[in-house]
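Below are the chains, spelled out letter by letter.
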Amino acid sequence: MNKRVHITSLQLVLAAAGSALMFPYTFMPILRVPPANQDAWVVFLLSIVYVFVINAPFIYLANKFRGLDICAMNELILGKVASKFTLMIIALFAIFCFIECMILTVMFVKMQLLAETPEWAIVLLILVPTVYAAKKGAGTIARLAFFIIPTIILLLIIFFIIGLKEMDIAQIQPILTDSTPWELNKGAFLTASRFSEVLIVVVFSYFLIKKTSLYGVYLKTIGVFSLGYLLMLVPVLLTVGSEVAKIANNPYTLFTRLIAGQFFRVQSINILGWFTGVIIKLTLYNFIASYMFSRVIKKKPQKFFVLPLAFIAFAVSFVPLLRKMSFLNLIKSDLIFPWIVFGVIFGMGMILLIFYLVRKKKIDKKIKEELQYEDDRENVLNEKQEQALKDKG
């Protein structure tokens, strides 16, 4: 038995919000969803409502099963056999997120930074710190996020201030004139459906300090994510303009290049912030996938699966079809990723919620029994640790 590590609410908030910011930091998909014009900031504000709706089933269940991990939650609701199926879906979803992020990162580094560097070297540059952190576990990942994500948000604030002189309010005018309610809602739904980080909140809630409010953590995560997103989206719209930004490979990088003439090395600092944030995102999804496999198979620890998943990502990165620009545009589009996220997060969340409500009384009783078992287990481990320290002393 291994003692459960504990993380703080702030660490989890920064990890989940920071991970969610990496895709808009990389290619800002909101600029391409309907209405694909200057009202993108309105679409984002509306998308927050959809995020709450899509995430509601999973967040409610995670709070109800507070103190138990996502695997125990699935087993209590569906039983040991059926839960294996849902846990495998979550594991495969985490692998999908891990590999998609890996491919996008490699392509971006290749195009923007290291055009002459072999791709295998770029992949290793990304995977080595990812594997190291994922093997160290939830505590290490949370501590890394605690130091890295605030630095990224600080950089976003600094770049926003530097770019104020270049911003023109006319770039987002006229407001709502060129957009229909249907377009705004469709764009908001597709944007919200990209928010897969509720899975990070749910999985890592098991490691939270006991007295922490999960609802509070979730709301703070959405708040930090929204702040960071607007710090990127608003300056891009007010400087570059929606028409140019939506055809750019990396709109926010384009914005930092625009203001780089005033301040030396702004562009390099932006890339450094982005790269460290991507490492956090990759590490989180590698950990989730490996954690799920360890709980399904149960004969191997979480760290055993970290390296094999990294090898899979390494191999997939060199599949010829996946290295084409057409595939990059496909995974950046709204044809695949939002619908997979919606199916797993909302679809599976609703299925679990329905089964829970049908068997609520019986499951609630089992929750109390499992929580008591967890408390007893923690006490035994604490006593062993204290005894070991006394023996050393």
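K.L.:
Can you help me understand the overall build of the protein chain in this one?
P.N.:
Each helix and strand counted, the protein chain has 16 helices and zero strands in total. A compact globule built from 393 residues should have a C-alpha radius of gyration of about 21 Å, and the protein chain, at 22 Å, falls within 12% of that. Dimensions of the protein chain, computed from the C-alpha atoms along their principal axes, are close to 65 × 45 × 40 Å. Considering the protein chain as a whole, with its 393 residues, one finds that 55% of them fall into the buried category. Within the protein chain, one finds 40 positive and 23 negative side-chain charges whose respective centroids are separated by 7 Å.

K.L.:
Where do I start with the nonpolar core in this structure?
P.N.:
For soluble globular proteins, the rule of thumb is that nonpolar side chains tend to be buried together. In this structure, Phe-65, Ile-70, Phe-204 and Met-292 are the most contacted members of the largest nonpolar core, which totals 141 residues. Residue contributions to this core peak at 17 residues, all from helix α4 (residues 80-112). For Phe-204, the contacting residues outside a window of four places in its chain are Ile-7, Leu-12, Ala-138, Ile-141, Leu-284, Phe-287 and Ile-288.

K.L.:
What's the story with the pattern of salt bridges in this structure? I'm lost.
P.N.:
Think of it this way: side chains of opposite charge can pair up when their charged atoms draw near. The final tally for this structure, using the stated rule, is five salt bridges. Its salt-bridge partner being Asp-69, residue Arg-295 comes within 2.8 Å of it at the nearest N-O pair. One end of the pair, Arg-295, is in helix α12 (residues 266-297); the other, Asp-69, is in the loop between α2 (40-64) and α3 (70-78), and 226 residues separate them in sequence. With relative accessibility at 5%, the residue Asp-69 sits in the buried group. The shortest N-O distance in the salt bridge between Lys-360 and Asp-364 comes to 3.0 Å. In this pair, Lys-360 and Asp-364 are both assigned in helix α16 (residues 360-392), four residues apart and thus about one turn of the helix distant. Since its relative accessible area comes to 30%, Lys-360 is described here as partly exposed.

K.L.:
Sorry, what's going on with unusual backbone geometry here?
P.N.:
Each neighbour pair has its own omega, and for Pro-34 with Pro-35 the value is 5°, a cis peptide bond. The residue Pro-35 is located in the loop between α1 (9-26) and α2 in this model. Of note, the bond from Gln-173 into Pro-174 is cis; its omega dihedral lies within 30 degrees of zero at -5°. Here Pro-174 lies in the loop between α6 (138-162) and α7 (181-192).

K.L.:
Can you help me understand α3 in this one?
P.N.:
Residues that lie three or four places apart on an α-helix share one face, since the helix turns once every 3.6 residues. When you tally the buried positions in α3, you get eight out of nine residues, the bulk of the element. Residues of α3 that are buried: Ile-70, Cys-71, Ala-72, Met-73, Asn-74, Glu-75, Leu-76 and Ile-77. Directly beyond the C-terminal end of α3, a positive phi value near 95° is found at Gly-79.

K.L.:
Sorry if this is basic, but what is going on with the side chain of Lys-281 here?
P.N.:
Structurally, Lys-281 can be placed in helix α12. Of note is the side chain of Lys-281, whose polar atom sits 3.0 Å from the backbone oxygen of Ser-19. Look past the residues within four positions of Lys-281 in its chain and what remains in contact with it is Ser-19, Ala-20, Met-22, Phe-23, Cys-101 and Glu-197.

K.L.:
Is there a simple way to explain a nonpolar patch on the surface in this structure?
P.N.:
Taken together, Leu-10, Phe-146 and Phe-147 make up a surface patch of nonpolar side chains, about 310 Å² in accessible area. Looking at the element boundaries, Leu-10 is found in helix α1.

K.L.:
Sorry, what's going on with the packing of α4 against helix α14 (residues 325-332) here?
P.N.:
In a packed pair of helices, the relevant descriptors are the angle between the two axes and the axis-to-axis distance. Where α4 meets α14, the axes come as close as 11 Å, and the angle between the chain directions of the two elements is 125°. On the basis of the axis angle, α4 is oblique to α14. In terms of crossing hand, the pair formed by α4 and α14 is left-handed. Every residue of α14 that contacts α4 at Glu-100, Ile-103, Leu-104, Met-107 and Met-111 is listed here: Met-325, Phe-327, Leu-328, Ile-331 and Lys-332. When its residues are assigned to classes, the contact of α4 with α14 shows eight nonpolar, no polar and two charged.

K.L.:
I tried to follow the packing of α3 against helix α15 (residues 337-358) on my own but got confused; where do I start?
P.N.:
Orientation of α3 relative to α15, taken along the N-to-C sense of each, is 50°, at an axis distance of 9 Å. Considered as vectors, α3 and α15 are oriented oblique to each other. In this structure, the crossing between α3 and α15 has a hand that is left-handed. Seen from α3, the contacting residues are Met-73, Asn-74, Ile-77 and Leu-78; seen from α15, they are Leu-352, Phe-355 and Tyr-356. Each residue belonging to the contact of α3 with α15 can be placed in one class, and the counts come to six nonpolar, one polar and no charged.

About the thresholds
- Residues numbered from 1 in each chain as written.
- Predicted model: local features only at pLDDT ≥ 70, side-chain atom pairs only at ≥ 80, totals over all residues.
- Heavy atoms only, no water.
- Helix = DSSP H or I, 4+ residues; strand = E, 2+ residues; numbered from the N terminus.
- Rg over C-alpha atoms; globule rule 2.2 N^0.38 Å.
- Buried < 20%, exposed > 50% of the residue type's maximum accessible area, 1.4 Å probe, protein only.
- Lys, Arg positive; Asp, Glu negative; His and termini not counted.
- Charge placed at Lys NZ, Arg CZ, Asp CG, Glu CD.
- Core = buried A, V, L, I, M, F, W, Y, C linked by side-chain atoms within 4.5 Å.
- Contact = heavy atoms within 4.5 Å.
- Salt bridge = Lys/Arg side-chain N within 4 Å of Asp/Glu carboxyl O.
- Polar contact = N/O pair within 3.5 Å; in protein donor to acceptor, adjacent residues only side chain to side chain.
- Patch = residues over 30% accessible without salt bridge, like charges linked within 9 Å, V, L, I, M, F, W, Y side chains within 5 Å.
- Areas by Shrake-Rupley, 256 points an atom, 1.4 Å probe, with all protein chains shown as cover.
- Axes fitted to C-alpha atoms, helices over the stretch in contact; angles between N-to-C directions.
- Parallel < 35°, antiparallel > 145°, perpendicular 65-115°, else oblique.
- Left-handed = near helix turned anticlockwise from the far one by under 90°.
- Nonpolar A, V, L, I, M, F, W, Y, C, P; charged D, E, K, R; others polar.

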